[in-house]
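Below are the chains, spelled out letter by letter.
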Amino acid sequence: MATTKRFDVKDLALAPEGVRRIQWADRQMPVLAAIRDRFDREQPLSGYRISACLHVTTETANLARTLKAGGADVVLCASNPLSTQDDVAAALVEEFDVSVFAIKGEDNDTYYQHIEAAVDHKPHLTMDDGADVIGVLHAHRREQLGDIIAGTEETTTGVIRLKALEADGALGFPIIAVNEAQTKHLFDNRYGTGQSTIDGIIRATNVLLAGKHFVISGYGWVGKGVAMRAKGMGAHVIVTEVDPLRAIEAAMDGFEVMPMASAADVGDIFCTATGDKSVISREHMLRMKDGAILANTGHFNVEIEISALRQMAAEVREARAFVEEFTLEDGRRLYLLGEGRLINLAAAEGHPAIVMDMSFANQALSAEYAVENAAVLERKVYPVPDEIDREIAKLKLATMGIEIDVLSDEQAKYLASWNEGT
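Residues numbered from 1 in each chain as written. Predicted model: local features only at pLDDT ≥ 70, side-chain atom pairs only at ≥ 80, totals over all residues. Heavy atoms only, no water.

J.: Could you clarify how one ought to interpret empty space enclosed by the protein in this entry?
T.: It is the rolling of a water-molecule-sized probe over the atoms that shows where space remains empty. This structure, assessed with the given rule, holds 1 cavity of 30 Å³ or more. Here the largest cavity is characterised by a volume of approximately 40 Å³. If you trace the largest cavity, you find it lined by Ala52, Leu54, Thr60, Leu63, Ala64, Leu67, Val74, Leu76 and Met127. Secondary structure elements with two or more residues in the lining of the largest cavity: strand E1 (49-54), helix H3 (58-69) and strand E2 (73-78). Broken down by element, the lining of the largest cavity gets its largest block of residues, 4 residues, from H3. (1 Å grid on protein atoms, 1.4 Å probe; cavity = no way out; pocket = protein on both sides within 12 Å on 5 of 7 lines; lining within 4 Å. Points joined across faces, edges and corners; volume = space filled by probe spheres on them. Helix = DSSP H or I, 4+ residues; strand = E, 2+ residues; numbered from the N terminus.)

Here is the structure:
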């Protein structure tokens, strides 16, 4: 059915293809589907307005459907200018009655206009992937803060920003850090981003990874996942780090560890995964070999010093879709993928649905938890409650046909005691 709500998407005629792809993803998201069925019966979000700033993908569409099934009035905008799947955006508007403001490749002004449109929804709950809605609310919509009972945050970068807000005593409402759930970061960040980052690099370039020197900046959960997949495809993986514990872990996992200044001399493919800025700087790019490929899988496009790369270039051209070729004064060519934005979403489809099933189950149940506990939550960043995390893990195991052991009463008592030794 056609929606009567406001929207800004590329083309509503794309909706039929979007519906097919949303349904395909739904088959791989049984935990979220089970939550959607319960939400439809119990209506735990009835009467609540939700403004969500997330990657507009097939998986996100199924989260939006779940929130609507629970009674919520949902508005969705993109959390990255290149991550929107236009057919999905059209399907959400045309077939699922969700107000969407997102167009793949939108310019910076349009991107923030769309965020403002989501904020115009006057939400009771926010959902962020990078804290952009919360940033707009705190910067110049502060009069709305008192109407918001809570928000959720999907990604590491956003959680860092929100913890900084909390530390400054400036956080306007409670936040549930979905990113910190073990069923999110252990699986989404490691297996989801690991696979989809490699997918994005290969789709953009069609390069063979085997035999290449593949440099990964950052050995958090995302870096671990990318390193694991690159190694599995035959690449020689090099890790750069600033954290000594993570550097040791990378070395003990079998990867070469060195500073970026050294890695710049030998790398064929570079991928940043740190959440920080200028991880690959002008000085590093000046040392790189002809043909080096630069990609980012951190949330914002600040990890590669793109402004310096443009200043260094004598010529810039599009080599192929999502690949910019920068020819330097000395004739060397460097290749930037996806404008330095999230390569797994800029050039590919993001995480597999089976992984996002757990991440978005956390989002849906965290929204329900926020509504139920609004009276007691303070203006702090909270982890996802352990009981939600464990319940999602149990549900996922069940959908995979996996059974596990259960502690006996004797074993449980032993683990809880201090006076029973050898």
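After that view of the structure, there is still more to cover.
J.: Please clarify how the pattern of salt bridges should be interpreted in this entry.
T.: For the structure on display, the rule yields 24 salt bridges. Asp26 serves as the salt-bridge partner of Arg36, at 2.7 Å between the closest nitrogen and oxygen. Here the residue Arg36 occupies a position in helix H2 (residues 30-42), and Asp26 occupies one in helix H1 (residues 15-27), the gap between them amounting to 10 residues. Assessed through its relative accessible area of 9%, Arg36 is described here as buried. One salt bridge connects Arg65 with Asp26, and the closest N-O pair in it is separated by 3.8 Å. With Arg65 in helix H3 and Asp26 in helix H1, this pair connects stretches of sequence that are 39 residues apart. Within this structure, Arg21, Asp87, Asp199, Arg203 and Glu349 form a network of salt bridges that share partners. (Salt bridge = Lys/Arg side-chain N within 4 Å of Asp/Glu carboxyl O. Buried < 20%, exposed > 50% of the residue type's maximum accessible area, 1.4 Å probe, protein only.)

J.: What's the story with a nonpolar patch on the surface in this structure? I'm lost.
T.: A grouping of Leu245, Ile248 and Met252 is seen on the molecular surface, where their side chains present a nonpolar patch of about 390 Å² in accessible area. As for its position among the elements, Ile248 is in helix H10 (residues 244-252). Accessibility expressed as a relative area gives 52% for Ile248, which makes it exposed. (Patch = residues over 30% accessible without salt bridge, like charges linked within 9 Å, V, L, I, M, F, W, Y side chains within 5 Å. Areas by Shrake-Rupley, 256 points an atom, 1.4 Å probe, with all protein chains shown as cover.)

J.: Could you clarify how one ought to interpret the sheet that holds strand E14 (residues 333-337) in this entry?
T.: One key point about sheets: their strands pair by backbone hydrogen bonds, in either a parallel or an antiparallel sense. Pairing in this open sheet of 8 strands is mixed, and the strands run E9-E8-E7-E10-E11-E14-E13-E12 from one edge to the other. Of all the strands in the sheet, just strand E9 (256-257) and strand E12 (313-320) have a single pairing partner and so form its edges. Across 4 bridges, the pairing between strand E7 (residues 213-217) and strand E10 (residues 269-272) is parallel. The partner of Ile216 across the bridge, within E10, is Cys271. (Pairing = 2+ DSSP bridges.)

J.: Just to check I follow, could you spell out helix H4 (residues 86-94) for this structure?
T.: Along an α-helix, residues three or four positions apart point the same way, because every turn accommodates 3.6 residues. Of all 9 residues in H4, 8 are buried; the element is thus mostly enclosed. Three or more residues of H4 are buried, namely Asp86, Asp87, Val88, Ala89, Ala90, Ala91, Leu92 and Val93. Contacts from the buried residues of H4 go to H1, H3, E2 and strand E3 (99-101). (Contact = heavy atoms within 4.5 Å.)

J.: Explain the nonpolar core here, please?
T.: When a protein is soluble and globular, its nonpolar side chains tend to lie buried together. The biggest cluster of nonpolar side chains holds 52 residues, and the ones touching the most others in it are Leu92 and Val100. Of all the elements, helix H15 (residues 353-372) adds the most residues to this core, at 10 residues. Contact partners of Val100, with chain neighbours within four places excluded, come to Arg6, Phe7, Asp8, Val9, Leu76, Ala89, Leu92 and Val93. Ranked by size, the runner-up nonpolar core spans 26 residues in total, among them Ile216, Cys271, Ile293 and Ala295. (Core = buried A, V, L, I, M, F, W, Y, C linked by side-chain atoms within 4.5 Å.)

J.: In this structure, what is going on with the packing of aromatic side chains? I would like to understand it.
T.: Taken as a whole and judged by the stated rule, the model has 3 aromatic pairs. With centroids separated by 5.8 Å and ring planes inclined at 40°, the aromatic side chains of Phe187 and Tyr191 adopt a geometry described as tilted. Taken together, the residues Phe187 and Tyr191, both in helix H8 (residues 182-205) and 4 residues apart, mark about one turn of the helix. Residue classification places Phe187 among the partly exposed positions, given a relative accessible area of 31%. (Phe/Tyr/Trp six-rings, centres within 6.5 Å; stacked < 30°, edge-to-face > 60°.)

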